[in-house]
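Notes for the structure review
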Amino acid sequence: MVGAARIFARNGFAGASVSDIAETCEISKSLLYHYFPSKEAILFAVMQAHIGDLLEVRAECRTVAPARDRFLAITRSLLSRYAGAANAQKVLLYELDSLSPAEKTEIVGGQRRLIDYVEGALADARALLAKDPARLRVTVMLYFGMLNWSHTWFDPQGRISRDELARTVVETMLSSGE
């Protein structure tokens, strides 16, 4: 999936070819077609694998307490999953409309489950925000805006570690507007 994600991220779905994907994955085109009936199926598999990986955060962080620590654990876990997954994240952000309606519904459903989970964790960690559902949703979407794009600017070899980035995100989310 990593090679296919790289090709889709670099060329876009329309500009990607099955030949390019096979070459990048160092397999034959016929072997690729053995596992995937179409380029569309490969795209769906890339997105499905990435959203599935992101959704594992729910089980991983479910028992962390107190709520503030759980929100930090979720943020750390998401940032660690985004590390090395810039191509898959880019595909998820830009190529949803290349999926069939049923596939798009499935992927968007996964995204919504993740958003709802983080929203619940944020509401638990920041009780005042929980009383304003519209503001809570906007805050969660801002949170994902920060995390989803971190692959474009964050340098894990830089002066700030991934853990420090997670702490900064959480401090921002838990203190803003109060």
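Now for a quick tour of the structure. (Residues numbered from 1 in each chain as written. Predicted model: local features only at pLDDT ≥ 70, side-chain atom pairs only at ≥ 80, totals over all residues. Heavy atoms only, no water.)

1. A closer look at the packing of aromatic side chains
A complete count under the given rule lists five aromatic pairs for this structure. Between F71 and Y143, the aromatic rings sit 5.2 Å apart at their centres with planes inclined by 35°, giving tilted as the arrangement. Separated by 72 residues along the polypeptide, F71 in helix α5 (residues 67–82) and Y143 in helix α9 (residues 133–148) bring together distant segments of the chain. According to the relative accessible area criterion, Y143 is buried, its value standing at 0%. Both rings, one in Y94 and one in W149, keep their centres 6.0 Å apart while their planes meet at 70°; by these two values the pair is edge-to-face. Of this pair, Y94 sits in helix α6 (residues 86–94) while W149 sits in the loop between α9 and α10 (150–153); the two residues are 55 residues apart in sequence, bridging distant segments of the chain. Taken together through their ring pairs, the aromatic side chains of F71, Y143 and F144 make up a single cluster. The lysine or arginine in question, K39, covers the ring of F13, its NZ or CZ lying 4.4 Å from the ring centre. (Phe/Tyr/Trp six-rings, centres within 6.5 Å; stacked < 30°, edge-to-face > 60°. Helix = DSSP H or I, 4+ residues; strand = E, 2+ residues; numbered from the N terminus. Buried < 20%, exposed > 50% of the residue type's maximum accessible area, 1.4 Å probe, protein only. Lys NZ or Arg CZ within 6 Å of the ring centre and 35° of its normal.)

2. Describing the nonpolar core
By size, the foremost hydrophobic cluster in this structure holds 58 residues, and its most contacted members are F8, F71, I74, L78, V118, Y143 and F144. Elements with a contribution of two residues or more to this core: α1 (2–15), α2 (18–25), α4 (39–61), α5, α6, α7 (101–125), α9 and α11 (162–175). Ranked by residues supplied to this core, first place goes to α4 with 12 residues. Setting aside anything within four residues of it in sequence, one finds F144 in contact with L78, Y82, L114, I115 and V118. (Core = buried A, V, L, I, M, F, W, Y, C linked by side-chain atoms within 4.5 Å. Contact = heavy atoms within 4.5 Å.)

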